[in-house]
Amino acid sequence: MIISGKTKIFGVVGYPITHTLSPLIHNTLFKEFKIDAIYLPFEVLPENFEKFFYGLKSINNFTGLNVTLPFKNVVAKYLNKKIEHLLINTVLFKNGLSYGYNTDIYGFKMGLIKNYPEFKIKNSNVLIIGAGGASYAVLCAILNEKPKKIVITNRTIEKAEELKNYFCKSQKFKNIDVMPLKSDILFKVDIDFDLIVNTTSVGLKNEKSLIEFKKCNSKQAIVYDLIYNPPLTDFLKQAKKKGYKIINGLDMLIFQAFKAFSIWTDKDPSKFYEKISHYLLKCF
Ligand code: ATR
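First, a word on what this report is: a plain description of the structure on this page.

Reading guide: rules and limits
- Residues numbered from 1 in each chain as written.
- Predicted model: local features only at pLDDT ≥ 70, side-chain atom pairs only at ≥ 80, totals over all residues.
- Heavy atoms only, no water.
- Pairing = 2+ DSSP bridges.
- Helix = DSSP H or I, 4+ residues; strand = E, 2+ residues; numbered from the N terminus.
- Axes fitted to C-alpha atoms, helices over the stretch in contact; angles between N-to-C directions.
- 1 Å grid on protein atoms, 1.4 Å probe; cavity = no way out; pocket = protein on both sides within 12 Å on 5 of 7 lines; lining within 4 Å.
- Points joined across faces, edges and corners; volume = space filled by probe spheres on them.
- Nonpolar A, V, L, I, M, F, W, Y, C, P; charged D, E, K, R; others polar.
- Near = heavy atom within 4 Å.
- Polar contact = N/O pair within 3.5 Å; in protein donor to acceptor, adjacent residues only side chain to side chain.
- Areas by Shrake-Rupley, 256 points an atom, 1.4 Å probe, with all protein chains shown as cover.
- Sits in = over half its atoms within 2 Å of the grid points.
- Buried < 20%, exposed > 50% of the residue type's maximum accessible area, 1.4 Å probe, protein only.
- Contact = heavy atoms within 4.5 Å.
- Patch = residues over 30% accessible without salt bridge, like charges linked within 9 Å, V, L, I, M, F, W, Y side chains within 5 Å.
- Salt bridge = Lys/Arg side-chain N within 4 Å of Asp/Glu carboxyl O.
- Lys, Arg positive; Asp, Glu negative; His and termini not counted.
- Charge placed at Lys NZ, Arg CZ, Asp CG, Glu CD.
- Right-handed = clockwise from strand over helix to strand, strands pointing away.
- Phe/Tyr/Trp six-rings, centres within 6.5 Å; stacked < 30°, edge-to-face > 60°.

### Some points on the sheet that holds strand β11 (residues 222-225)
Reading across the sheet, the six strands line up as β9-β8-β7-β10-β11-β12 and stay open at both edges, with parallel pairing between neighbours. Strands with a single pairing partner mark the edges of an open sheet, and in this sheet they are β9 (176-180) and β12 (245-247). Neighbour-to-neighbour, the strand axes of the sheet open up by a mean angle of 15°, direction not taken into account. Here strand β7 (residues 125-129) runs beside strand β8 (residues 149-154); their pairing, made up of five bridges, is parallel. Bridge pairing in β8 links N125 to K149.

Printed below as a string of structure tokens:
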């Protein structure tokens, strides 16, 4: 790769940032499309974020930024325009202005479509485990498709209530229930869930599943873990044993990056899906 005065700069900001796989995805795509650009990781202390962001805005050839934890809910106040009104994970810098997007919504939806194209969220019963940042994009993607009912369960019940209130108001969808997170939750409710999503960080360090699964009654039911490393969490293992179809977060990672790439470059990287997923799997 030859860096010149014309090279466009992209990057991801987070704290910490050492585990990010985004540089691998985007630099591979730049190479495939022969785009003169580079994508770098930026580790920034939270107290330095404002300086960092305004510094970037002053760099004429800085074109695109991904924003990860803990900055997803911070960056919005520095933007000129929010295209999506949820937690921002992608920024486009253009003509001195900054535009914020959420590409996790697309990533989550594409993870489902890629793995189980026949599955329809419409009229389905959905259980969301967790009420942190990641659950916003998941709920938004699900509500876009008109589900029948959503149950949110979280260790801290107030956060689940907050999420429910936010979506009831913003999406005018009333059929959201909140339940405290207990491992036997599936045995306590009278609902057969069609989709169960883990949005918590539990599993990243090989922890046991937060919930127990009962035998799956439907051939269609899916259990989706947003975690991609390890690729098979205990949550997914237990679900598979009980007859559920499973998905991990790898495709969500790839497709949120693809969406960001097309926002920045106007190009569709989907034909490089196999190559990118092959490279990523070698990292685990
Ligand atoms: P993110 O933005 O990645 O979603 P987050 O906002 O810190 O990260 O949210 C983490 C989620 O994992 C929360 O739902 C959190 O539950 P609390 O709201 O009760 O903190 C959940 N979580 C983390 N560790 C957990 C644990 N040991 N048991 C149950 N839930 C846990």
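### Side note on the layout of surface pockets
Each pocket or cavity is described by its volume, and for the largest pocket that value is around 1,600 Å³. As for the largest pocket, its lining consists of 46 residues, of which T68, L69, A134, S201 and L204 are closest to the centre. Within the residue set of the lining of the largest pocket, elements represented by two or more residues are β3 (62-67), α4 (133-143) and α8 (250-265). Among the elements that take part in the lining of the largest pocket, α4 stands out by supplying four residues, more than any other. When its residues are assigned to classes, the lining of the largest pocket shows 23 nonpolar, 19 polar and four charged. In this structure, the second largest pocket occupies an estimated 410 Å³ of space. Around the second largest pocket, the lining is made up of 19 residues, and of these K8, T63, L92, F93 and K94 lie nearest the centre.

### What about the site of the ligand?
In the region of the ligand, 16 residues are neighbours, and A134, N154, R155, T156 and K159 sit closest. In the model, an oxygen atom of the ligand is placed 2.7 Å from a nitrogen or oxygen of the N154 side chain. Isolated, the ligand exposes 640 Å² of accessible area, and the fraction of that covered by the protein chains is 70%. The cavity that encloses the ligand is the largest pocket. Of the residues assigned to the shell around the ligand, the class counts are six nonpolar, eight polar and two charged.

### Focus on helix α7 (residues 234-241)
For α7, the full list of buried residues reads D234, F235, L236 and A239. On the buried face of α7, the contacting elements are β7, β10 (195-198), β11 and β12. Of the residues trailing α7, G243 is marked for its positive phi of about 95°.

### Describing a positive patch on the surface
A surface patch of like charges, here positive, comprises K208, K237, K241 and K242. You can see K237 is positioned in helix α7.

### Focus: the environment of S277
Along the polypeptide, S277 turns up in helix α9 (residues 273-281). Taking the C-alpha atoms as reference points, S277 and I25, separated by 252 residues in sequence, lie 8.9 Å from one another.

### Examining the pairing of strand β2 (residues 37-43)
In this sheet, β2 lies alongside strand β1 (residues 8-14) in parallel orientation, the contact comprising seven bridges. Note on β2: the bridge partner recorded for I9 is I38. For the crossover from β1 across helix α1 (residues 22-32) to β2, the handedness is right-handed.

### What to know about the packing of aromatic side chains
Evaluated as defined, the whole model comprises 26 aromatic pairs. With a centroid separation of 5.8 Å and an interplanar angle of 45°, the aromatic rings of F49 and Y78 are classed as tilted. Remark: Y78 occurs in the loop between β3 and β4 (81-82) and F49 occurs in helix α2 (residues 49-57); sequence separation between them is 29 residues. Across the pair, exposure class does not vary: F49 and Y78 are buried alike.

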